[in-house]
Amino acid sequence: MYDVIIVGGGPAGLTAGIYCGRAGLSALLLEGGAYGGQMTLSSEIENYPAFPKGISGDELSGLMRGQAERFGVELRREKAKTIDIETKTVTTRKGEYAAKNLVLAMGASPRPLGAPGEGEYRGAGVSYCAVCDGGFFKGRAVAVIGGGDTAVHDCEYLSRICEKVYLIHRRDRLRGGDGALQRVSRPNVELVWNANVTEFVGENGSLTGLRLDSGRLLPVSGAFVAVGSVPNTAAVEGQLELKGGYIPTGENMETAVPGVYAVGDIRVKSLRQIVTAAADGAIAASAILA
Ligand code: NAP
């Protein structure tokens, strides 16, 4: 029996691990994908303190992971299949693990747009990660859909490697205001305002264009969907109260069930950033230690 099982190895989970490990608790951290979570989708993180020149998501993830390992956290690349909140037991394909405390740090995943053709051309032109897949579209025309920071980041990144980038947004201003607009104002970027994608169009199994609600067809071989994210709470549905899909917590990150904590993007909060995810992890660990 561990003192703590942390489910999820993004900045929230890794920081919870660093604090628990450093305090001498036995901590198991389970991560089914890449350590760092959504951080790994960013080519450059400019607003994490102490990196004035920016740092790549991969590099920051590696640093956090190394720090958790240094403090004795047991890191396992295993996806949690079931999470039993009452018994604080987690099963993976490889085994069953129990703990005195659970820290839920499963984060969130990119939200699909939901237009026809999106599923059909997923992986054949439709992507949710510019940093991972942008290279496939070098010198070609692509589109980014969305108007938040992810869309701006993706557009900036793709404009450096693609011939043309359409930024398609359903409104006439970006969430980040003028600062964001400046970042995407580049000669090879066309801003397509007040537009919705109604269909992902393709030929011979690959994406060839995007149909807009105006009727216009944009000829692109890549489409990067950046319309927000959805929390990964499926494993705890019906066991914990959810608000809009997210887990409510108290100020110390504890859920309504004693000994069960939720940290990072998975919980109800106003600002979902790496720095607030890391803070959540530290607060949960401190509450466990109290
Ligand atoms: P977001 O802030 O929720 O923005 C989602 C965007 O998609 C919005 O512009 C929204 O339009 C649009 N959208 C949502 N549903 C849509 C639909 N069905 N059809 C068309 N458009 C739709 O998500 P995000 O950009 O992924 O950012 C999430 C969080 O991560 C934010 O807190 C952000 O600041 C942070 N982040 C930070 C960085 C960084 O600091 N380097 C990088 C990436 C993300 P409306 O504007 O009309 O609502």
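Just so it is clear, the model here is predicted, and its values are computed rather than measured.

Next up on the list: the site of the ligand. Near the ligand lie 16 residues; those nearest to it are Asn 47, Asp 149, Thr 150, Arg 171 and Arg 175. Coverage of the ligand by the protein chains reaches 75% of its 910 Å² of free accessible surface.

A few words on the packing of aromatic side chains. For the structure shown, the criterion picks out two aromatic pairs. Measuring from ring centre to ring centre gives 6.3 Å for Tyr 48 and Phe 51, while their planes differ by 25 degrees; the resulting arrangement is stacked. Take Tyr 48: its relative accessible area is 17%, and that puts it in the buried class. Here the aromatic rings of Phe 137 and Phe 224 are separated by 5.6 Å at their centres, their planes lie at 85 degrees, and the arrangement is edge-to-face. In this pair, Phe 137 is assigned in the loop between helix H3 (130-133) and strand E9 (141-145) and Phe 224 in strand E15 (residues 222-225), connecting sequence segments 87 residues apart. With relative accessibility at 8%, the residue Phe 137 sits in the buried group. With a relative accessible area of 0%, Phe 224 lands in the buried category.

The nonpolar side chains of soluble globular proteins are, as a tendency, buried together. By size, the foremost hydrophobic cluster in this structure holds 32 residues, and its most contacted members are Val 4, Leu 60 and Val 103. If you list the elements that add at least two residues to this core, you get strand E1 (2-7), helix H1 (11-22), strand E2 (27-30), helix H2 (57-70) and helix H6 (274-289). Apart from the residues within four sequence positions on either side, Leu 60 is in contact with Met 39, Ile 45, Tyr 48, Phe 51, Ile 55 and Ile 274.

Thresholds applied
- Residues numbered from 1 in each chain as written.
- Predicted model: local features only at pLDDT ≥ 70, side-chain atom pairs only at ≥ 80, totals over all residues.
- Heavy atoms only, no water.
- Near = heavy atom within 4 Å.
- Areas by Shrake-Rupley, 256 points an atom, 1.4 Å probe, with all protein chains shown as cover.
- Phe/Tyr/Trp six-rings, centres within 6.5 Å; stacked < 30°, edge-to-face > 60°.
- Buried < 20%, exposed > 50% of the residue type's maximum accessible area, 1.4 Å probe, protein only.
- Helix = DSSP H or I, 4+ residues; strand = E, 2+ residues; numbered from the N terminus.
- Core = buried A, V, L, I, M, F, W, Y, C linked by side-chain atoms within 4.5 Å.
- Contact = heavy atoms within 4.5 Å.

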